[in-house]
Amino acid sequence: MRKVLYIIGLFNIGCCIGAAAQERSTHLLDTGWRFYNNDIAMPALAQPDDAGWQKVTVPHDWAVVQNFDMNIDQQRVQVVEDGEKTVQLRTGRTGALPCFGIGWYRKHLPVTMADTGKRIFIEFDGAMSRSKVYLNDVFIGEWPYGYSSFSFELTKHIQFGKENIISVRLENKPESSRWYPGAGIYRNVRLVKTAPIHIAHWGTFVTTPVITEKAAEVNIKTTINAPEDNKALITLVTELYDAAGNKVGVLSSNNKKDGKTNFDQTIKIKRPQFWSVQTPVLYTAISKVFSGNVQTDTYKTSFGFRTIRFDKDKGFFLNGQSLKFKGVCLHHDLGPIGAAVNFRATERQLVMMKEMGCNAIRTSHNPPSPELLAICDSLGLLVQVEAFDEWKYGKNTNGYGEFFDQWAEKDINAMIRRDRNHPAVIMWSIGNEIREQGMAEGKAIARYLTQICHNLDSTRPVSAGFNNHNGAIKNGLADEVDLVGFNYKPNDYAAKHKLYPGFTIYGSETSSTVSTRGEYKFPVVETKKPWYNDYQVSSYDMECPPWATTPDTEFEFQDDLEFISGEFVWTGFDYLGEPTPYNEGTPAKSAYFGMVDLAGIPKDRYYLYQSKWSNKPMLHVLPHWTWPDRVGQQVPVYCYTNYPSAELFVNGKSRGVKKKDKGNKYNRYRLMWNDVMYEAGEIKVVAYDSTGKSAAEQQVRTAGAPYAIKLTADRNTIQANGKDLAFVTIEIVDKQGNLCPRAGNFLFVKVEGAGQLKALCNGNPIDQTSFTSNYMHVFNGKMVAVIEPGYVSGEIVVQVSGGLLQAQKIQLNTGKSN
């Protein structure tokens, strides 16, 4: 274990961006796919007749468009509570969607006689799962892990001038996941054509070993593939460009070698602009390959200048400045559109996290999409990239443990070589809560995986998340990683720091508070094992599972212990599957852990974290004030704000000023009026700044009967590319325009013009209406419609109606991007 770990200098994005060069061409294989949700006989592979197959576009998730069924993938799980082992029959663990079974994809490849002499590759960003790839009737290769990116060369089996059919067989087995994995070719696929002499797949590694305000050194390691009989001189010209497109450095190197050629170049530049969470400045390295005097390839790599350092006593430093991780864990699904990656949906999630004050993302518990990392680079979000949720000894009957021995090194290699140029990535995680924490083999496996990571990338530390931290310490596993991640152990931070002063510790998974947007339970008390017969939980943010804590508990330790590098909260968004606390025999199909619900609507807890993490002045009041069933009963009023004090008024009468203090953890981070008796009307909270001056106020009024529908789009103009999305929030309001916070009206959504309805979601974890339905109940007054454009510019009209409510319309515009 390193006593103090210093990681100097950063780089950035390292995934290949196929450039428009003389010889390299990259074709996104998104349209023209056929899909068959069953197995087929092998001789049928090369048959061109796929008329009975479904037409789909990729990325594609075959399960999310289907109906929920609580019988799907019921799992028997052994749990320990109060020292006793019991077996639970868990329903909804993987989202109650039909993501299991076999699916085949087929596509005719765009290869012509003009491509003769080129090298042809196919690249998959991810396919769920156990993928087997065929070209015509020839088996090309396989990759079992659904979260890994991979590439195969097709050249030897391409029939130039003839038809070429790529076929992909995928299989998800039951009991293979602890959450909704998605199903299908759910990430992007590309066909890449290159000259015989070209830069290899993920063939650049950019680091910045020396960085000062005045100058920096950029090291670029480049791998070039050439024919075994190559006799020509290979020249590599690397040009560096800043964010404005100005050339800031160039270097030319040559080598006369056949087969694989490695170049190692160092370029000095003046006055580098630093990448940070506030100023995420990106640079570009353009690599040009020449065979003799003929250019054969151009390849772009995005990167950034930054330094990272972890100190066992002082925490984390970015560019020499102390910085706590204000992080969240994110699963890979995108709510109502499932696992199929979509740039805009991913961007929307990350922008919401950034606006909350979040500065870091943990990709729980698997390598993410390339889109997520590119967006984090551009927004200034730090990232922990995680490899596995299990090693040899699996948590699932058909989980990754089946493949670990043969594939772990390959999967880590793919993860790191793809992602090691991203400046946002600051650490690698080799596992989450793996069973080997308490096993004798744990130390040796951790050493093996950590060494693989160090060999591929010596510039970043390696970590793992421990929920059995005592077991991982006892068997030596914790000694083998550079950073020791504690899952749900805030009360033990200080003790372990004292006992093991060489450990660099952070909260790798924290809190796990559960809540349902717009639901409030009485009395308001901290509860470690909530259960209500309506299968909801309270949005007063005081409820969590037995192993977890409320946010305020973790806040205290993060604030009081300098050596803790920060936290990654479980989770930023609700996700499909794992519906704790309603795991057994309930209609719940999605999680309650998120700060934002499944539809992308913030819960109250979003604002609690914003009040703690953001420097932007804010004020949020809860609960709603429509309680006809609680007249004359207590309804506590909470205020989440980063102002130091606030005053509550109920129907114009002051209920006193509250100030934040360290008397207890809740008074430290919340302003609470616990003895308010409900009476219809208005509550108003006025926030005061440090001088005692009124700085902000918020009113919440008692709502009348549902009267109208209100529509709000996140963007009124979107691109006509078949992929961009608009998210339209639908609200039920009274005559005065107040949200009806308990409304459950049944609404229909109709979309006409240059787009279509892609999905509906109301954020209710127990609503089993299909996401692809055109009708749904609003939940606590709200839901979201996801609108997808076509490929032709024009207008999209979204109309929402229901019952006696007057129908409302909103117009969106689509246009071609420049």
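Let me begin by describing the structure that accompanies this report. None of the values given here were measured: they were computed from a predicted structure. Here the residue index of a chain counts from 1 through its sequence in written order. The predicted origin of the model limits local features to residues at a pLDDT of at least 70 and limits the giving and counting of side-chain atom pairs to 80 or more, whereas totals for whole chains, interfaces and linings rest on all residues. With hydrogens and water stripped out, all remaining heavy atoms of the structure feed into the side-chain values.

### Here's the deal with the overall build of the protein
Right, so step 1: Starting at the N terminus, helices and strands are each numbered in turn, a helix being any DSSP run of H or I of at least four residues and a strand any DSSP run of E of at least two. Counting its regular elements, the protein contains nine helices and 48 strands.
Right, so step 2: For 818 residues, the compact-globule formula gives about 28 Å, and the C-alpha radius of gyration of the protein, at 27 Å, lands near that figure.
Right, so step 3: Considering only C-alpha atoms, the protein reaches an extent of 90 × 65 × 55 Å along its principal axes.
Right, so step 4: Per-residue accessibility, obtained with a 1.4 Å probe over protein chains only, is compared with the maximum for each type, and a residue is labelled buried under 20%, exposed over 50%, and partly exposed between these values. By the burial criterion, 61% of the 818 residues in the protein qualify as buried.
Right, so step 5: Here the analysis covers contacts within the protein between residues at least 6 apart in sequence; of these, 71% occur between residues at least 24 apart.
Right, so step 6: Residue exposure ignores everything except the shown protein chains as possible cover, and the areas themselves are Shrake-Rupley values with a 1.4 Å probe. Counting every atom, the protein has about 30,600 Å² of accessible surface; 48% of that belongs to carbon and sulfur. Put simply, the radius of gyration uses C-alpha atoms, and a globule should come to 2.2 Å times the residue count raised to 0.38. Contacts were defined at the residue level, with two residues in contact if any of their heavy atoms lie within 4.5 Å.

### Here we look at the state of the cysteines
Right, so step 1: Sulfur atoms of two cysteines make up a disulfide when they are within 2.5 Å. Applying the stated criterion to the full structure yields zero disulfides.
Right, so step 2: Sulfur of Cys453: no disulfide; nearest cysteine sulfur belongs to Cys329 and is 18 Å away.
Right, so step 3: On the basis of relative accessibility, which here comes to 0%, the residue Cys453 falls in the buried class.

### Here's the deal with helix H1 (residues 343-356)
Right, so step 1: Its 14 residues place the ends of H1 20 Å apart at the C-alpha level, agreeing with the 20 Å of an ideal helix rising 1.5 Å per residue.
Right, so step 2: Within H1 the residues assigned to the buried category are Arg344, Ala345, Thr346, Arg348, Gln349, Leu350, Met352, Met353 and Met356.
Right, so step 3: Against the buried residues of H1 lie strand S25 (325-330), strand S26 (360-363), helix H2 (370-379), helix H8 (604-613) and strand S42 (726-733).
Right, so step 4: Of the residues that open H1, the one with a side-chain oxygen 3.0 Å from the backbone nitrogen of Arg344 is Asn342.
Right, so step 5: Just downstream of H1, Gly357 is the residue with a positive phi angle, here 105°. By definition here, a helix of n residues has an expected span of 1.5 Å times n minus one. Throughout this description, a polar contact denotes any pair of N or O atoms lying within 3.5 Å of each other; where both atoms belong to protein, one of them has to be capable of donating a hydrogen while the other can accept it, and for residues adjacent in sequence the pair is counted only when both atoms sit in side chains.

### A few points about the nonpolar core
Right, so step 1: To qualify as a nonpolar core, a set must consist of buried Ala, Val, Leu, Ile, Met, Phe, Trp, Tyr and Cys residues joined through side-chain atoms within 4.5 Å. Formed by 177 residues in total, the largest nonpolar core has its most connected members in Leu154, Leu382, Trp391, Ile412 and Ile430.
Right, so step 2: With seven residues, the single largest contributor to this core is helix H3 (residues 404-419).
Right, so step 3: Residues contacting Ile430, with those up to four places away along its chain left out, are Ala387, Phe388, Trp391, Ile412, Ala446, Leu449, Thr450, Cys453, Val462, Ser463, Ala464 and Val481.
Right, so step 4: Ala713, Ala743, Met783 and Ile810 belong to the second-largest nonpolar core, a separate cluster that totals 27 residues.

### Description of the environment of Asp50
Right, so step 1: Mapped onto the elements, Asp50 comes out in the loop between strand S4 (33-36) and strand S5 (54-56).
Right, so step 2: When the C-alpha atoms of Asp50 and Arg106 are compared, they prove to be 8.3 Å apart, with 56 residues separating the residues in sequence.
Right, so step 3: Sequence-distant contacts of Asp50, defined by excluding residues within four places in its chain, comprise Arg34, Arg106 and His108.

### Looking at a nonpolar patch on the surface
Right, so step 1: Residues enter patches when they are more than 30% accessible in relative terms and free of salt bridges; like-charged ones are connected within 9 Å and nonpolar ones (Val, Leu, Ile, Met, Phe, Trp, Tyr) within 5 Å. One speaks of a salt bridge when a side-chain nitrogen belonging to Lys or Arg is within 4 Å of a carboxyl oxygen belonging to Asp or Glu. There is a patch of nonpolar side chains on the surface, built from Phe746, Phe748 and Tyr775 and spanning about 270 Å² of accessible area.
Right, so step 2: Counting through the fold element by element, Phe748 comes out in strand S43 (residues 746-753).

### Here's the deal with the packing of H3 against helix H4 (residues 442-456)
Right, so step 1: Running from N to C, H3 and H4 cross one another at 30°; their axes reach a closest spacing of 9 Å. Between H3 and H4, the angle falls in the class roughly parallel. As for the relative orientation of H3 and H4, their crossing is right-handed in sense. Here Phe404, Ala408, Glu409, Ile412, Asn413, Ile416 and Arg417 of H3 come into contact with H4, specifically with Ile445, Tyr448, Leu449, Ile452, Cys453 and Leu456. The axes are straight lines fitted to the C-alpha atoms, using for helices just the contacting stretch, and the angles between their N-to-C directions are given from 0 to 180°. Between 65 and 115 degrees an angle is taken as roughly perpendicular, under 35 as roughly parallel, over 145 as roughly antiparallel, and anywhere else as oblique. In a left-handed crossing the near helix is turned counterclockwise from the far helix by less than a right angle, and in a right-handed crossing that turn is clockwise.

### Focus on the sheet that holds strand S16 (residues 215-225)
To summarise the sheet geometry, strands pair through backbone hydrogen bonds and adopt either a parallel or an antiparallel arrangement.
Right, so step 1: One bridge is not enough; two strands pair if DSSP finds at least two bridges between them. If you walk across this open sheet you meet the three strands as S15-S16-S19, and the pairing is antiparallel. One side of each edge strand has no neighbouring strand; the edge strands of this open sheet are strand S15 (198-211) and strand S19 (260-270). Direction aside, neighbouring strands of the sheet carry axes that sit 15° apart on average.
Right, so step 2: Judged from the 11 bridges that link them, S16 and S19 form a sheet pairing that is antiparallel. Residue Asn225 lies in a different strand from S19, and its bridge partner there is Lys260.

### Description of the packing of aromatic side chains
Right, so step 1: Any pair of Phe, Tyr and Trp rings, taking the six-membered ring for Trp, is counted once the centres come within 6.5 Å. Such a pair is stacked with planes under 30 degrees apart, edge-to-face with planes over 60 apart, and tilted for the rest. Within the structure shown, the criterion is met by 49 aromatic pairs.
Right, so step 2: Plain terms: the ring middles of Trp143 and Phe150 are 5.6 Å apart, the flat faces sit at 10° to each other, and that makes the pair stacked.
Right, so step 3: Here a set of aromatic residues connected by ring pairs shows up, and it is made of Tyr145, Tyr147, Phe388, Trp391, Tyr400 and Phe404.
Right, so step 4: A ring is scored as having a charge over it whenever the NZ atom of a lysine or the CZ atom of an arginine sits within 6 Å of its centre and within 35 degrees of its normal. Between the NZ or CZ atom of Arg348 and the centre of the ring of Phe727, over which it lies, the distance is 3.9 Å.
Right, so step 5: Over the ring of Trp407 we find Lys410; its NZ or CZ atom is 4.2 Å from the centre of that ring.

### Description of the sheet that holds strand S44 (residues 755-761)
Right, so step 1: Sheet architecture is open: four strands sit in the order S40-S42-S46-S44, paired in antiparallel fashion. Looking at which strands have only one partner, the edges of the open sheet turn out to be strand S40 (708-713) and S44. If you compare each strand with its neighbour and ignore which way they point, the axes differ by 25° on average.
Right, so step 2: As defined by bridge partners, S40 adjoins S42 across six bridges and the pair is classed as antiparallel. Looking at the pairing, Ala713 lines up with Val728 of S42.

### Some points on the pattern of salt bridges
Right, so step 1: Scanning all chains against the criterion turns up 47 salt bridges.
Right, so step 2: Note that Arg190 is salt-bridged to Asp125, the shortest N-O span being 2.7 Å. With a gap of 65 residues between them, Arg190 in strand S14 (residues 189-194) and Asp125 in the loop between strand S9 (119-124) and strand S10 (131-135) connect regions that are remote in the sequence.
Right, so step 3: The class of Asp125 is buried, set by a relative accessible area of 5%.
Right, so step 4: As a salt-bridge pair, Arg362 and Glu509 come within 2.6 Å of each other at their nearest N and O atoms. Note that Arg362 is positioned in strand S26 and Glu509 in strand S31 (residues 505-511), a separation of 147 residues in sequence. When sorted by exposure, Arg362 lands in the same class as Glu509, which is buried.

### Digging into the pairing of S14
Right, so step 1: Within S14, five of the six residues are buried, which leaves it mostly tucked inside the rest of the structure.
Right, so step 2: Of the pairings in the sheet, the one linking strand S3 (residues 25-28) to S14 comprises four bridges and is antiparallel in character. The residue bridging His27 from the neighbouring strand is Leu191, located in S14.
Right, so step 3: Here S9 pairs with S14 via six bridges, running antiparallel.

### Things to note about H2
Right, so step 1: The buried count for H2 comes to seven of 10 residues, which makes it a mostly enclosed element.
Right, so step 2: Taken together, the buried positions of H2 are Pro370, Glu371, Leu372, Leu373, Ile375, Cys376 and Asp377.
Right, so step 3: Structurally, H2 contributes buried residues whose contacts are with H1, S26, strand S27 (382-386), H3 and strand S28 (425-432).
Right, so step 4: Phi turns positive one or two residues past the end of H2, at Gly380, with a value near 85°.

### Focus on the packing of H1 against H8
Right, so step 1: Contact pair H1 / H8: the axes reach a minimum separation of 8 Å and the direction vectors enclose 50°. In this view, H1 runs oblique relative to H8, as classed from their interaxial angle. Contact residues: H1 offers Met352, Met353, Glu355 and Met356, while H8 offers Tyr606, Tyr609, Gln610 and Trp613.
Right, so step 2: Side-chain classes are defined by residue name, with Ala, Val, Leu, Ile, Met, Phe, Trp, Tyr, Cys and Pro counting as nonpolar, Asp, Glu, Lys and Arg as charged, and the others, Gly among them, as polar. By residue class, the composition of the contact of H1 with H8 is six nonpolar, one polar and one charged.

### Quick word on the environment of Lys710
Right, so step 1: Mapped onto the elements, Lys710 comes out in strand S40.
Right, so step 2: Measuring from C-alpha to C-alpha, the distance between Lys710 and Glu731 comes to 5.0 Å, with 21 residues separating the pair along the chain.
Right, so step 3: Every residue in contact with Lys710, bar those within four places of it in the chain, is listed here: Thr729, Ile730, Glu731 and Val733.

### Some points on the side chain of Lys496
Right, so step 1: Relative to the assigned elements, Lys496 resides in helix H6 (residues 493-499).
Right, so step 2: Residue Lys496 is classed as buried on the basis of its relative accessible area, which comes to 9%.
Right, so step 3: Of the polar contacts made by the side chain of Lys496, one reaches the side chain of Asp492; its length is 2.5 Å.
Right, so step 4: Apart from residues lying up to four places away in sequence, Lys496 is in contact with His469, Asn470, Ile473, Phe486 and Ile505.

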